[in-house]
Amino acid sequence: MAEATNNQASGAATTGAAPGGAGAPDRPVKVVGIVCNWCSYAGADTAGVGRFKQPANLRLIRVPCTGRIDPLFALKAFEKGADGVLISGCHPGDCHYSEGNYYARRKFELAERMIHHLGIPPERFKWTWVSASEGQRWQKVVTEFVAGVQKLGPREGKAL
Amino acid sequence: MSRQDHIREFAANALTEKRVDYFIGWKQGYNSSEMIPAFVTDPAEADQLVWNPLCHHNLVTFIKRNMPEPADAKVGLCVKGCDSRTLVALLQEGLVDKDRLYVVGVPCDGIVDRRKLEKMFSSEITEIEFPERGKVKVTTRAGETKELDQKDVELIGCAHCRYPNPLYSDNTAGPLEKEPDREETKPDWSALEQYESLSDDVKQALLEKIYATCIRCFACIHVCPVCVCWDKCVNRSRQPELVSQKVGPKENLLFQMVHMFHVAGRCPSCGACDRACPVEIPLGLLHAKMNKEIYDMFGFEPGVKLDEKPVFQVFDLKDQFGD
Ligand code: SF4
Ligand code: SF4
(Lines give C-alpha, C1' and ligand atoms only; values in the text may rest on other atoms or scores of the structure.)
(Ligands and ions follow the chains in the order given, each with its own letter.)
Protein backbone atom coordinates (compact mmCIF):
# COMPACT_ATOMS: atom_id res chain seq x y z
CA MET A 1 0.00 0.00 0.00
CA ALA A 2 2.70 2.44 1.01
CA GLU A 3 4.48 1.89 -2.28
CA ALA A 4 1.34 2.12 -4.34
CA THR A 5 0.45 5.44 -2.80
CA ASN A 6 4.03 6.52 -3.08
CA ASN A 7 4.28 6.15 -6.82
CA GLN A 8 0.86 7.45 -7.55
CA ALA A 9 1.25 10.34 -5.12
CA SER A 10 4.33 11.61 -6.86
CA GLY A 11 2.55 11.12 -10.17
CA ALA A 12 -0.34 13.21 -8.98
CA ALA A 13 1.98 15.87 -7.66
CA THR A 14 3.75 16.32 -10.97
CA THR A 15 0.55 16.50 -12.99
CA GLY A 16 -0.21 19.57 -10.88
CA ALA A 17 -3.63 19.17 -9.33
CA ALA A 18 -5.53 22.41 -9.80
CA PRO A 19 -6.74 23.73 -6.45
CA GLY A 20 -10.51 24.04 -6.07
CA GLY A 21 -10.31 27.83 -6.57
CA ALA A 22 -8.34 28.29 -9.78
CA GLY A 23 -10.40 27.64 -12.89
CA ALA A 24 -13.45 26.68 -10.85
CA PRO A 25 -16.77 27.91 -12.23
CA ASP A 26 -18.05 31.18 -10.86
CA ARG A 27 -21.51 30.39 -9.52
CA PRO A 28 -23.29 30.40 -6.17
CA VAL A 29 -22.48 27.30 -4.15
CA LYS A 30 -24.96 24.45 -3.74
CA VAL A 31 -25.31 23.16 -0.21
CA VAL A 32 -27.33 20.10 0.74
CA GLY A 33 -28.84 19.94 4.21
CA ILE A 34 -29.97 16.59 5.55
CA VAL A 35 -32.23 17.14 8.54
CA CYS A 36 -34.46 15.08 10.77
CA ASN A 37 -38.17 15.68 10.66
CA TRP A 38 -38.77 16.33 14.34
CA CYS A 39 -36.09 18.83 15.31
CA SER A 40 -33.94 20.47 12.69
CA TYR A 41 -36.58 20.55 9.94
CA ALA A 42 -38.98 22.06 12.44
CA GLY A 43 -36.19 24.39 13.58
CA ALA A 44 -35.76 25.56 9.99
CA ASP A 45 -39.52 26.08 9.90
CA THR A 46 -39.35 28.15 13.09
CA ALA A 47 -36.64 30.25 11.49
CA GLY A 48 -38.86 30.71 8.44
CA VAL A 49 -41.91 31.67 10.46
CA GLY A 50 -39.76 34.11 12.45
CA ARG A 51 -38.61 35.60 9.12
CA PHE A 52 -34.94 35.11 9.95
CA LYS A 53 -32.92 35.73 6.82
CA GLN A 54 -31.23 32.58 5.55
CA PRO A 55 -28.93 31.80 2.61
CA ALA A 56 -30.82 30.64 -0.47
CA ASN A 57 -28.13 28.12 -1.44
CA LEU A 58 -29.37 25.47 0.93
CA ARG A 59 -31.54 22.55 -0.26
CA LEU A 60 -33.06 20.60 2.59
CA ILE A 61 -33.74 16.89 2.57
CA ARG A 62 -36.10 15.79 5.31
CA VAL A 63 -35.50 12.40 6.90
CA PRO A 64 -37.71 10.69 9.52
CA CYS A 65 -35.02 10.42 12.20
CA THR A 66 -31.40 11.44 12.70
CA GLY A 67 -30.69 7.73 13.03
CA ARG A 68 -31.93 7.27 9.46
CA ILE A 69 -29.29 9.61 8.09
CA ASP A 70 -26.74 7.34 6.51
CA PRO A 71 -23.31 8.99 6.23
CA LEU A 72 -23.35 7.70 2.68
CA PHE A 73 -26.09 10.24 1.88
CA ALA A 74 -23.47 12.94 2.42
CA LEU A 75 -20.98 11.18 0.18
CA LYS A 76 -23.66 10.68 -2.44
CA ALA A 77 -24.36 14.42 -2.34
CA PHE A 78 -20.68 15.16 -2.91
CA GLU A 79 -20.59 12.68 -5.75
CA LYS A 80 -23.56 14.43 -7.35
CA GLY A 81 -21.78 17.77 -7.16
CA ALA A 82 -22.78 19.36 -3.85
CA ASP A 83 -20.32 22.00 -2.67
CA GLY A 84 -21.11 21.42 0.97
CA VAL A 85 -23.19 19.06 3.12
CA LEU A 86 -24.80 19.94 6.42
CA ILE A 87 -26.35 17.29 8.64
CA SER A 88 -28.52 18.26 11.57
CA GLY A 89 -30.72 16.41 14.03
CA CYS A 90 -32.19 16.54 17.50
CA HIS A 91 -29.99 17.30 20.49
CA PRO A 92 -28.86 14.20 22.38
CA GLY A 93 -31.66 13.29 24.78
CA ASP A 94 -34.36 14.81 22.55
CA CYS A 95 -34.70 12.14 19.86
CA HIS A 96 -38.35 11.55 18.98
CA TYR A 97 -37.53 7.85 18.91
CA SER A 98 -35.41 8.08 22.07
CA GLU A 99 -32.06 6.89 20.77
CA GLY A 100 -31.67 7.45 17.03
CA ASN A 101 -29.21 10.28 17.44
CA TYR A 102 -27.08 8.38 19.95
CA TYR A 103 -26.29 5.85 17.24
CA ALA A 104 -26.05 8.55 14.62
CA ARG A 105 -23.42 10.68 16.31
CA ARG A 106 -20.96 7.81 16.33
CA LYS A 107 -21.44 7.33 12.61
CA PHE A 108 -21.28 11.05 11.82
CA GLU A 109 -18.02 11.42 13.69
CA LEU A 110 -16.43 8.61 11.69
CA ALA A 111 -17.94 10.01 8.48
CA GLU A 112 -16.48 13.43 9.15
CA ARG A 113 -13.02 12.01 9.67
CA MET A 114 -13.23 9.81 6.58
CA ILE A 115 -14.54 12.67 4.44
CA HIS A 116 -11.45 14.67 5.34
CA HIS A 117 -9.34 11.62 4.54
CA LEU A 118 -10.73 11.77 1.00
CA GLY A 119 -9.43 15.29 0.57
CA ILE A 120 -12.72 17.12 1.10
CA PRO A 121 -11.89 20.13 3.32
CA PRO A 122 -13.52 20.37 6.78
CA GLU A 123 -15.37 23.55 5.80
CA ARG A 124 -17.51 21.57 3.35
CA PHE A 125 -18.99 19.12 5.83
CA LYS A 126 -20.65 19.80 9.15
CA TRP A 127 -22.99 17.95 11.46
CA THR A 128 -24.73 19.48 14.42
CA TRP A 129 -27.89 19.57 16.54
CA VAL A 130 -30.72 22.09 16.16
CA SER A 131 -34.02 21.70 18.01
CA ALA A 132 -37.49 22.68 16.80
CA SER A 133 -37.53 25.82 18.92
CA GLU A 134 -34.05 27.01 17.94
CA GLY A 135 -34.94 29.11 14.90
CA GLN A 136 -32.18 31.52 15.70
CA ARG A 137 -29.59 28.81 16.15
CA TRP A 138 -30.64 27.36 12.79
CA GLN A 139 -30.14 30.71 11.14
CA LYS A 140 -26.69 31.05 12.69
CA VAL A 141 -25.61 27.50 11.77
CA VAL A 142 -26.65 27.69 8.12
CA THR A 143 -25.43 31.25 7.59
CA GLU A 144 -21.99 30.45 8.94
CA PHE A 145 -21.75 27.13 7.17
CA VAL A 146 -22.82 28.46 3.78
CA ALA A 147 -20.47 31.43 4.15
CA GLY A 148 -17.62 29.00 4.83
CA VAL A 149 -18.46 26.97 1.74
CA GLN A 150 -18.87 30.11 -0.37
CA LYS A 151 -15.41 31.20 0.69
CA LEU A 152 -13.94 28.03 -0.81
CA GLY A 153 -16.16 28.44 -3.86
CA PRO A 154 -17.79 25.82 -6.06
CA ARG A 155 -16.18 22.44 -5.73
CA GLU A 156 -14.32 20.74 -8.51
CA GLY A 157 -14.19 17.31 -6.94
CA LYS A 158 -11.96 14.93 -8.83
CA ALA A 159 -12.77 11.86 -6.80
CA LEU A 160 -16.19 11.91 -5.15
CA MET B 1 5.69 -31.84 14.84
CA SER B 2 5.25 -28.94 12.45
CA ARG B 3 2.16 -26.76 12.33
CA GLN B 4 1.33 -28.39 9.01
CA ASP B 5 1.39 -31.85 10.61
CA HIS B 6 -0.86 -30.61 13.39
CA ILE B 7 -3.35 -29.23 10.86
CA ARG B 8 -3.40 -32.51 8.92
CA GLU B 9 -3.91 -34.49 12.10
CA PHE B 10 -6.70 -32.27 13.41
CA ALA B 11 -8.43 -32.36 10.03
CA ALA B 12 -8.13 -36.14 9.65
CA ASN B 13 -9.38 -36.76 13.18
CA ALA B 14 -12.30 -34.38 12.86
CA LEU B 15 -13.35 -36.01 9.58
CA THR B 16 -12.93 -39.55 10.89
CA GLU B 17 -14.90 -38.81 14.03
CA LYS B 18 -17.57 -37.12 11.88
CA ARG B 19 -17.15 -34.02 13.94
CA VAL B 20 -17.17 -32.09 10.66
CA ASP B 21 -18.61 -32.77 7.21
CA TYR B 22 -15.74 -30.99 5.53
CA PHE B 23 -12.60 -29.20 6.52
CA ILE B 24 -11.29 -26.00 4.93
CA GLY B 25 -7.56 -25.39 4.85
CA TRP B 26 -4.90 -24.45 2.33
CA LYS B 27 -3.26 -26.57 -0.35
CA GLN B 28 -0.77 -26.06 -3.11
CA GLY B 29 -2.14 -24.34 -6.19
CA TYR B 30 -1.27 -24.72 -9.82
CA ASN B 31 2.39 -24.15 -9.08
CA SER B 32 4.58 -24.43 -6.03
CA SER B 33 4.54 -20.71 -5.38
CA GLU B 34 0.79 -20.35 -5.01
CA MET B 35 -1.41 -21.69 -2.22
CA ILE B 36 -5.17 -21.91 -2.62
CA PRO B 37 -8.08 -22.85 -0.35
CA ALA B 38 -8.75 -26.57 0.00
CA PHE B 39 -12.01 -28.31 0.89
CA VAL B 40 -11.36 -31.75 2.32
CA THR B 41 -14.13 -34.29 2.89
CA ASP B 42 -12.14 -37.53 3.11
CA PRO B 43 -9.70 -38.11 6.00
CA ALA B 44 -7.35 -39.81 3.54
CA GLU B 45 -7.02 -36.51 1.69
CA ALA B 46 -5.99 -34.52 4.74
CA ASP B 47 -2.34 -34.81 3.75
CA GLN B 48 -2.85 -32.38 0.89
CA LEU B 49 -3.27 -29.61 3.45
CA VAL B 50 -0.30 -27.30 3.81
CA TRP B 51 0.86 -24.46 6.01
CA ASN B 52 3.52 -21.95 5.01
CA PRO B 53 3.86 -18.15 4.73
CA LEU B 54 2.04 -18.18 1.39
CA CYS B 55 -1.27 -19.23 2.97
CA HIS B 56 -2.76 -15.77 2.82
CA HIS B 57 -6.40 -16.64 2.12
CA ASN B 58 -8.77 -15.74 4.90
CA LEU B 59 -10.91 -18.89 4.99
CA VAL B 60 -13.56 -17.29 7.19
CA THR B 61 -15.02 -15.86 4.00
CA PHE B 62 -16.31 -19.35 3.14
CA ILE B 63 -18.53 -19.57 6.19
CA LYS B 64 -19.92 -16.06 6.21
CA ARG B 65 -23.32 -17.08 5.02
CA ASN B 66 -23.20 -20.70 5.99
CA MET B 67 -21.97 -21.91 2.66
CA PRO B 68 -21.51 -24.18 0.87
CA GLU B 69 -24.48 -26.51 1.10
CA PRO B 70 -25.94 -28.34 2.87
CA ALA B 71 -26.98 -25.57 5.19
CA ASP B 72 -26.69 -27.75 8.28
CA ALA B 73 -23.18 -29.02 7.48
CA LYS B 74 -20.60 -28.93 10.22
CA VAL B 75 -17.49 -27.17 9.03
CA GLY B 76 -13.89 -27.25 10.14
CA LEU B 77 -11.54 -24.48 9.19
CA CYS B 78 -8.09 -23.02 9.82
CA VAL B 79 -7.65 -19.44 10.97
CA LYS B 80 -4.59 -17.27 11.41
CA GLY B 81 -4.55 -14.45 13.96
CA CYS B 82 -6.07 -11.82 11.66
CA ASP B 83 -8.57 -14.32 10.22
CA SER B 84 -9.72 -15.21 13.72
CA ARG B 85 -10.63 -11.59 14.34
CA THR B 86 -13.02 -11.65 11.39
CA LEU B 87 -14.51 -14.84 12.81
CA VAL B 88 -14.91 -13.24 16.23
CA ALA B 89 -16.56 -10.26 14.53
CA LEU B 90 -19.11 -12.60 12.90
CA LEU B 91 -19.69 -14.38 16.22
CA GLN B 92 -20.16 -11.09 18.07
CA GLU B 93 -23.20 -10.42 15.93
CA GLY B 94 -24.43 -14.01 15.77
CA LEU B 95 -23.83 -14.13 12.02
CA VAL B 96 -22.44 -17.67 12.17
CA ASP B 97 -23.39 -20.61 14.33
CA LYS B 98 -20.59 -21.48 16.74
CA ASP B 99 -21.90 -25.00 17.31
CA ARG B 100 -21.44 -25.93 13.68
CA LEU B 101 -17.82 -24.87 13.59
CA TYR B 102 -14.61 -26.63 14.42
CA VAL B 103 -11.79 -24.10 14.37
CA VAL B 104 -8.09 -24.89 14.17
CA GLY B 105 -6.06 -21.85 15.13
CA VAL B 106 -2.74 -21.44 13.35
CA PRO B 107 -0.29 -19.11 15.12
CA CYS B 108 1.27 -17.01 12.38
CA ASP B 109 4.72 -15.57 11.88
CA GLY B 110 3.83 -13.29 8.97
CA ILE B 111 2.55 -13.86 5.45
CA VAL B 112 4.52 -13.21 2.30
CA ASP B 113 3.21 -10.60 -0.12
CA ARG B 114 3.43 -12.51 -3.36
CA ARG B 115 2.75 -9.44 -5.47
CA LYS B 116 5.60 -7.59 -3.83
CA LEU B 117 7.81 -10.58 -4.53
CA GLU B 118 6.75 -10.79 -8.17
CA LYS B 119 7.68 -7.18 -8.76
CA MET B 120 11.23 -7.90 -7.59
CA PHE B 121 11.96 -10.31 -10.42
CA SER B 122 11.86 -9.79 -14.17
CA SER B 123 11.11 -13.44 -14.85
CA GLU B 124 8.17 -15.51 -13.62
CA ILE B 125 8.52 -17.05 -10.17
CA THR B 126 8.40 -20.83 -10.40
CA GLU B 127 9.21 -21.82 -6.85
CA ILE B 128 9.13 -20.27 -3.41
CA GLU B 129 10.74 -22.21 -0.59
CA PHE B 130 11.26 -21.58 3.08
CA PRO B 131 14.65 -23.10 3.94
CA GLU B 132 14.47 -21.87 7.51
CA ARG B 133 12.20 -19.72 9.62
CA GLY B 134 12.29 -16.10 8.47
CA LYS B 135 13.92 -16.87 5.11
CA VAL B 136 12.38 -17.03 1.65
CA LYS B 137 14.12 -18.64 -1.33
CA VAL B 138 12.81 -17.71 -4.75
CA THR B 139 13.52 -19.46 -8.05
CA THR B 140 12.47 -17.94 -11.37
CA ARG B 141 11.85 -19.40 -14.80
CA ALA B 142 15.10 -17.81 -15.99
CA GLY B 143 16.93 -19.95 -13.42
CA GLU B 144 17.71 -17.15 -11.01
CA THR B 145 17.59 -17.99 -7.31
CA LYS B 146 17.65 -15.54 -4.46
CA GLU B 147 17.31 -15.77 -0.72
CA LEU B 148 15.44 -13.00 1.05
CA ASP B 149 14.47 -12.07 4.57
CA GLN B 150 10.78 -12.81 5.06
CA LYS B 151 10.34 -9.54 6.96
CA ASP B 152 11.27 -7.61 3.79
CA VAL B 153 8.61 -9.22 1.64
CA GLU B 154 5.72 -9.47 4.09
CA LEU B 155 2.23 -8.08 3.72
CA ILE B 156 1.88 -4.55 4.93
CA GLY B 157 -0.30 -5.52 7.87
CA CYS B 158 2.11 -8.15 9.21
CA ALA B 159 4.86 -5.77 10.27
CA HIS B 160 2.91 -4.40 13.20
CA CYS B 161 0.57 -7.34 13.82
CA ARG B 162 -0.85 -7.24 17.35
CA TYR B 163 -2.62 -10.59 17.22
CA PRO B 164 -0.40 -13.28 15.62
CA ASN B 165 -2.18 -15.95 17.68
CA PRO B 166 -5.79 -16.85 16.93
CA LEU B 167 -8.28 -15.28 19.34
CA TYR B 168 -10.84 -18.03 18.87
CA SER B 169 -10.15 -21.69 18.19
CA ASP B 170 -10.96 -25.20 19.39
CA ASN B 171 -7.45 -26.52 18.82
CA THR B 172 -4.15 -24.82 18.16
CA ALA B 173 -1.65 -26.06 15.60
CA GLY B 174 1.56 -26.05 17.60
CA PRO B 175 3.04 -23.57 20.07
CA LEU B 176 1.93 -19.95 20.19
CA GLU B 177 3.93 -17.19 18.55
CA LYS B 178 5.49 -14.43 20.59
CA GLU B 179 3.02 -11.59 21.04
CA PRO B 180 3.76 -7.90 21.38
CA ASP B 181 3.00 -6.32 24.73
CA ARG B 182 -0.32 -4.80 23.79
CA GLU B 183 -0.39 -2.47 26.78
CA GLU B 184 2.98 -1.03 25.86
CA THR B 185 2.74 -0.91 22.07
CA LYS B 186 -0.30 0.77 20.63
CA PRO B 187 -1.49 -0.05 17.09
CA ASP B 188 0.81 1.32 14.43
CA TRP B 189 -0.57 3.21 11.45
CA SER B 190 2.65 4.73 10.22
CA ALA B 191 1.90 3.34 6.73
CA LEU B 192 -0.81 6.00 6.44
CA GLU B 193 1.39 8.95 7.30
CA GLN B 194 2.62 9.65 3.83
CA TYR B 195 -0.90 9.86 2.40
CA GLU B 196 -2.19 11.83 5.36
CA SER B 197 0.47 14.49 4.87
CA LEU B 198 -0.77 15.30 1.35
CA SER B 199 -2.86 18.38 0.64
CA ASP B 200 -6.58 18.01 -0.05
CA ASP B 201 -6.18 18.66 -3.76
CA VAL B 202 -3.38 16.16 -4.15
CA LYS B 203 -5.43 13.58 -2.22
CA GLN B 204 -8.37 14.12 -4.56
CA ALA B 205 -6.20 13.84 -7.66
CA LEU B 206 -4.54 10.73 -6.30
CA LEU B 207 -7.84 9.06 -5.43
CA GLU B 208 -9.17 9.91 -8.85
CA LYS B 209 -6.20 8.13 -10.37
CA ILE B 210 -6.48 5.11 -8.09
CA TYR B 211 -10.23 4.64 -8.48
CA ALA B 212 -10.28 5.20 -12.22
CA THR B 213 -9.10 1.62 -12.68
CA CYS B 214 -11.68 -0.20 -10.53
CA ILE B 215 -13.71 -2.48 -12.77
CA ARG B 216 -16.45 -3.04 -10.17
CA CYS B 217 -15.78 -6.78 -10.18
CA PHE B 218 -16.98 -7.03 -6.56
CA ALA B 219 -14.03 -9.25 -5.66
CA CYS B 220 -13.23 -7.04 -2.66
CA ILE B 221 -16.78 -7.42 -1.40
CA HIS B 222 -17.18 -11.10 -2.15
CA VAL B 223 -13.91 -12.04 -0.52
CA CYS B 224 -14.49 -9.89 2.56
CA PRO B 225 -15.42 -12.24 5.40
CA VAL B 226 -17.45 -9.63 7.25
CA CYS B 227 -19.35 -8.07 4.32
CA VAL B 228 -22.48 -10.15 4.64
CA CYS B 229 -25.51 -8.71 2.81
CA TRP B 230 -24.92 -10.46 -0.53
CA ASP B 231 -27.91 -9.99 -2.82
CA LYS B 232 -29.29 -7.24 -0.62
CA CYS B 233 -26.16 -5.16 -1.19
CA VAL B 234 -26.97 -1.51 -1.81
CA ASN B 235 -24.04 -1.44 -4.21
CA ARG B 236 -26.06 -3.67 -6.54
CA SER B 237 -29.42 -2.05 -6.00
CA ARG B 238 -30.95 0.07 -8.74
CA GLN B 239 -34.08 0.89 -6.79
CA PRO B 240 -33.16 2.65 -4.60
CA GLU B 241 -30.00 3.62 -6.37
CA LEU B 242 -27.24 4.85 -4.14
CA VAL B 243 -24.33 3.93 -6.37
CA SER B 244 -24.70 4.45 -10.09
CA GLN B 245 -23.92 1.52 -12.38
CA LYS B 246 -21.62 3.87 -14.25
CA VAL B 247 -17.96 3.03 -13.75
CA GLY B 248 -15.89 6.12 -13.09
CA PRO B 249 -13.61 7.38 -10.31
CA LYS B 250 -16.41 9.07 -8.35
CA GLU B 251 -18.82 6.17 -8.57
CA ASN B 252 -16.07 3.69 -7.79
CA LEU B 253 -14.91 5.56 -4.73
CA LEU B 254 -18.49 5.88 -3.48
CA PHE B 255 -18.89 2.14 -4.09
CA GLN B 256 -15.82 1.48 -1.96
CA MET B 257 -17.02 3.86 0.75
CA VAL B 258 -20.22 1.79 0.97
CA HIS B 259 -18.10 -1.27 1.64
CA MET B 260 -15.98 0.62 4.15
CA PHE B 261 -18.87 2.05 6.15
CA HIS B 262 -20.74 -1.23 6.15
CA VAL B 263 -17.85 -3.16 7.68
CA ALA B 264 -16.86 -0.42 10.13
CA GLY B 265 -16.46 -1.98 13.56
CA ARG B 266 -16.12 -5.49 12.09
CA CYS B 267 -13.18 -5.10 9.73
CA PRO B 268 -9.86 -5.80 11.46
CA SER B 269 -7.88 -4.87 8.32
CA CYS B 270 -7.25 -8.50 7.44
CA GLY B 271 -6.20 -7.35 3.98
CA ALA B 272 -8.15 -9.97 2.02
CA CYS B 273 -9.76 -7.27 -0.13
CA ASP B 274 -6.40 -5.75 -1.03
CA ARG B 275 -5.08 -9.10 -2.15
CA ALA B 276 -8.22 -9.96 -4.13
CA CYS B 277 -8.32 -6.76 -6.14
CA PRO B 278 -7.21 -7.56 -9.70
CA VAL B 279 -6.17 -3.97 -10.40
CA GLU B 280 -4.26 -3.52 -7.14
CA ILE B 281 -6.30 -0.72 -5.67
CA PRO B 282 -4.80 -0.01 -2.21
CA LEU B 283 -8.04 -0.57 -0.31
CA GLY B 284 -6.14 -0.65 2.98
CA LEU B 285 -5.74 3.08 2.59
CA LEU B 286 -9.42 3.41 3.52
CA HIS B 287 -9.76 0.49 5.91
CA ALA B 288 -6.63 1.22 7.92
CA LYS B 289 -7.67 4.84 8.27
CA MET B 290 -11.13 3.78 9.39
CA ASN B 291 -9.64 1.51 12.04
CA LYS B 292 -7.24 4.20 13.13
CA GLU B 293 -10.12 6.62 13.69
CA ILE B 294 -12.28 3.98 15.39
CA TYR B 295 -9.41 3.28 17.76
CA ASP B 296 -8.99 6.97 18.37
CA MET B 297 -12.72 7.46 19.03
CA PHE B 298 -13.46 4.39 21.14
CA GLY B 299 -10.16 2.64 21.90
CA PHE B 300 -11.85 -0.24 20.07
CA GLU B 301 -10.20 -2.96 18.03
CA PRO B 302 -12.64 -4.99 15.90
CA GLY B 303 -13.04 -8.71 16.46
CA VAL B 304 -11.02 -9.05 19.62
CA LYS B 305 -13.46 -9.96 22.40
CA LEU B 306 -16.33 -12.39 21.95
CA ASP B 307 -18.60 -10.62 24.44
CA GLU B 308 -18.18 -7.18 22.87
CA LYS B 309 -20.53 -5.57 20.36
CA PRO B 310 -19.18 -3.60 17.39
CA VAL B 311 -19.12 0.07 18.33
CA PHE B 312 -21.66 1.20 15.75
CA GLN B 313 -24.31 -1.23 16.99
CA VAL B 314 -24.34 0.22 20.47
CA PHE B 315 -24.07 3.68 21.98
CA ASP B 316 -22.98 5.28 25.19
CA LEU B 317 -24.79 8.25 26.72
CA LYS B 318 -21.37 9.57 27.70
CA ASP B 319 -20.11 9.76 24.09
CA GLN B 320 -18.56 13.17 23.50
CA PHE B 321 -19.15 13.65 19.78
CA GLY B 322 -20.78 16.71 18.24
CA ASP B 323 -21.45 20.18 19.60
S1 SF4 C 1 -12.84 -4.91 4.33
FE2 SF4 C 1 -11.00 -5.95 3.56
S3 SF4 C 1 -9.58 -5.84 5.31
FE4 SF4 C 1 -11.62 -5.45 6.15
S5 SF4 C 1 -12.42 -7.47 6.81
FE6 SF4 C 1 -13.13 -7.11 4.69
S7 SF4 C 1 -11.57 -8.12 3.39
FE8 SF4 C 1 -10.65 -7.85 5.46
S1 SF4 D 1 -11.68 -5.80 -6.16
FE2 SF4 D 1 -10.74 -3.91 -6.94
S3 SF4 D 1 -11.50 -3.73 -9.08
FE4 SF4 D 1 -12.82 -5.24 -8.04
S5 SF4 D 1 -14.56 -4.01 -7.31
FE6 SF4 D 1 -13.07 -4.12 -5.61
S7 SF4 D 1 -11.81 -2.26 -5.82
FE8 SF4 D 1 -12.90 -2.57 -7.79
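Conventions we followed
Residues numbered from 1 in each chain as written. Chains lettered and ligands numbered in written order. Predicted model: local features only at pLDDT ≥ 70, side-chain atom pairs only at ≥ 80, totals over all residues. Heavy atoms only, no water. Helix = DSSP H or I, 4+ residues; strand = E, 2+ residues; numbered from the N terminus. Rg over C-alpha atoms; globule rule 2.2 N^0.38 Å. Contact = heavy atoms within 4.5 Å. Areas by Shrake-Rupley, 256 points an atom, 1.4 Å probe, with all protein chains shown as cover. Lys, Arg positive; Asp, Glu negative; His and termini not counted. Charge placed at Lys NZ, Arg CZ, Asp CG, Glu CD. Buried < 20%, exposed > 50% of the residue type's maximum accessible area, 1.4 Å probe, protein only. Pairing = 2+ DSSP bridges. Right-handed = clockwise from strand over helix to strand, strands pointing away. Phe/Tyr/Trp six-rings, centres within 6.5 Å; stacked < 30°, edge-to-face > 60°. Lys NZ or Arg CZ within 6 Å of the ring centre and 35° of its normal. Near = heavy atom within 4 Å. Axes fitted to C-alpha atoms, helices over the stretch in contact; angles between N-to-C directions. Parallel < 35°, antiparallel > 145°, perpendicular 65-115°, else oblique. Nonpolar A, V, L, I, M, F, W, Y, C, P; charged D, E, K, R; others polar. Disulfide = S-S within 2.5 Å. Expected span 1.5 Å × (residues − 1). pLDDT = per-residue confidence, 0-100.

If you tally the helices and strands in chain B, you get 9 helices and 9 strands. Its C-alpha atoms give chain B a radius of gyration of 20 Å, near enough to 20 Å, the size a compact globule of 323 residues would have. Considering only C-alpha atoms, chain B reaches an extent of 60 × 50 × 45 Å along its principal axes. Partitioning the intrachain contacts of chain B with sequence separation of at least 6 by distance along the chain shows that 67% fall at a separation of at least 24. A total of about 14,600 Å² of accessible surface is found on chain B, and carbon and sulfur atoms cover 49% of it. Averaging the positions of the 41 positive and the 51 negative side-chain charges in chain B gives two centres separated by 3 Å.

A regular strand places its side chains so that they alternate between the two faces of the sheet. Residues and elements named next belong to chain B. Of all 5 residues in strand 5 (residues 101-105), 5 are buried; the element is thus mostly enclosed. Sheet topology places strand 4 (residues 75-79) next to strand 5; 5 bridges connect them, and they run parallel. The residue bridging Val 75 from the neighbouring strand is Leu 101, located in strand 5. Remark: the strand 4/helix 2 (residues 81-92)/strand 5 crossover connection has right-handed handedness. One ladder, built from 2 bridges, connects strand 5 with strand 9 (residues 171-172); its direction is parallel.

All chains considered together, the criterion is met by 13 aromatic pairs over all chains. On the numbers, 5.6 Å between centres and 65° between planes, the contact of Phe108(A) with Trp127(A) is edge-to-face. Of this pair, Phe108(A) sits in helix 4 (residues 100-117) while Trp127(A) sits in strand 4 (residues 125-129), placing them 19 residues apart in sequence. You'll find Phe108(A) and Trp127(A) in the same group, each marked buried. Judged by centre distance (5.0 Å) and plane angle (85°), the rings of Phe39(B) and Phe62(B) are edge-to-face. Placement of the pair is Phe39(B) in strand 2 (residues 35-40) and Phe62(B) in the loop between strand 3 (49-50) and strand 4, with a sequence separation of 23 residues. Here the basic side chain of Arg62(A) rests over the ring of Tyr41(A), its NZ or CZ set 4.4 Å away from the ring centre.

It is worth spelling out the site of ligand 1 at this point. In the vicinity of ligand 1, 13 residues are found, and the nearest of them are Cys224(B), Cys267(B), Cys270(B), Gly271(B) and Cys273(B). Secondary structure elements with two or more residues in the shell around ligand 1: helix 7 (249-263) and helix 8 (272-276) of chain B.

On to the packing of helix 5 (residues 200-211) of chain B against helix 7 of chain B, then. Two packed helices can be described by the angle between their axes and the distance between those axes. Residue and element names in this part refer to chain B. Following both chains from N to C, one finds helix 5 and helix 7 inclined at 90°, their axes separated by 8 Å at the closest point. Between helix 5 and helix 7, the angle is such that the two are roughly perpendicular. Between helix 5, through Leu 207, Glu 208 and Tyr 211, and helix 7, the contact on the second element is made entirely by Pro 249, Asn 252, Leu 253 and Gln 256. Residues belonging to the contact of helix 5 with helix 7 are distributed by class as follows: 4 nonpolar, 2 polar and 1 charged.

With that out of the way, let us pick up the state of the cysteines. Tallied over the entire structure, the rule returns 1 disulfide over all chains. Two residues share a disulfide in this structure: Cys39(A) and Cys90(A), whose sulfurs sit 2.2 Å from each other. Linking Cys39(A) and Cys90(A), the disulfide has an S-S dihedral of approximately 100° and is accordingly described as right-handed. Of this pair, Cys39(A) sits in the loop between strand 1 (31-36) and helix 2 (40-49) while Cys90(A) is found in the loop between strand 3 (84-89) and helix 4, placing the two residues 51 residues apart along the sequence. Judged by relative accessible area, which is 7%, Cys39(A) ranks as buried. For Cys90(A), a relative accessible area of 2% translates into the label buried. Cys227(B) forms no disulfide, and the closest cysteine sulfur to it belongs to Cys224(B), at a distance of 5.0 Å.

The subject of this paragraph is the packing of helix 3 (residues 71-79) of chain A against helix 4 of chain A. All names here are of chain A. Where helix 3 contacts helix 4, the two axes come as close as 9 Å, and the packing angle between them is 30°. With respect to each other, helix 3 and helix 4 are oriented roughly parallel. Taken together, the residues of helix 4 that come into contact with helix 3 (itself represented by Pro 71, Ala 74, Leu 75 and Phe 78) are Lys 107, Ala 111 and Ile 115. Residues of the contact of helix 3 with helix 4, tallied by class, amount to 6 nonpolar, no polar and 1 charged.

The next thing to look at is helix 9 (residues 284-298) of chain B. Residue and element names in this part refer to chain B. Between its first and last C-alpha atoms helix 9 spans 20 Å; for 15 residues at 1.5 Å apiece the expected length is 21 Å, and the two agree. A large share of helix 9 lies buried, amounting to 13 of its 15 residues. Remark: Gly 299 follows helix 9 within two positions and exhibits a positive phi of approximately 65°.

Let us look at the confidence of the model for chain B. Within chain B, residue pLDDT values average 94, and 98% of them lie at 70 or more. Quick note on the complex model: pTM equals 0.91, ipTM equals 0.92.

Turning our attention to the side chain of Thr140(B). Residues and elements named next belong to chain B. Along the chain, Thr 140 falls in strand 7 (residues 135-140). The exposure class of Thr 140 is buried, given its relative accessible area of 3%. Leave out the neighbours within four places in its chain, and Thr 140 touches Phe 121, Ser 123, Glu 124, Ile 125 and Thr 126.

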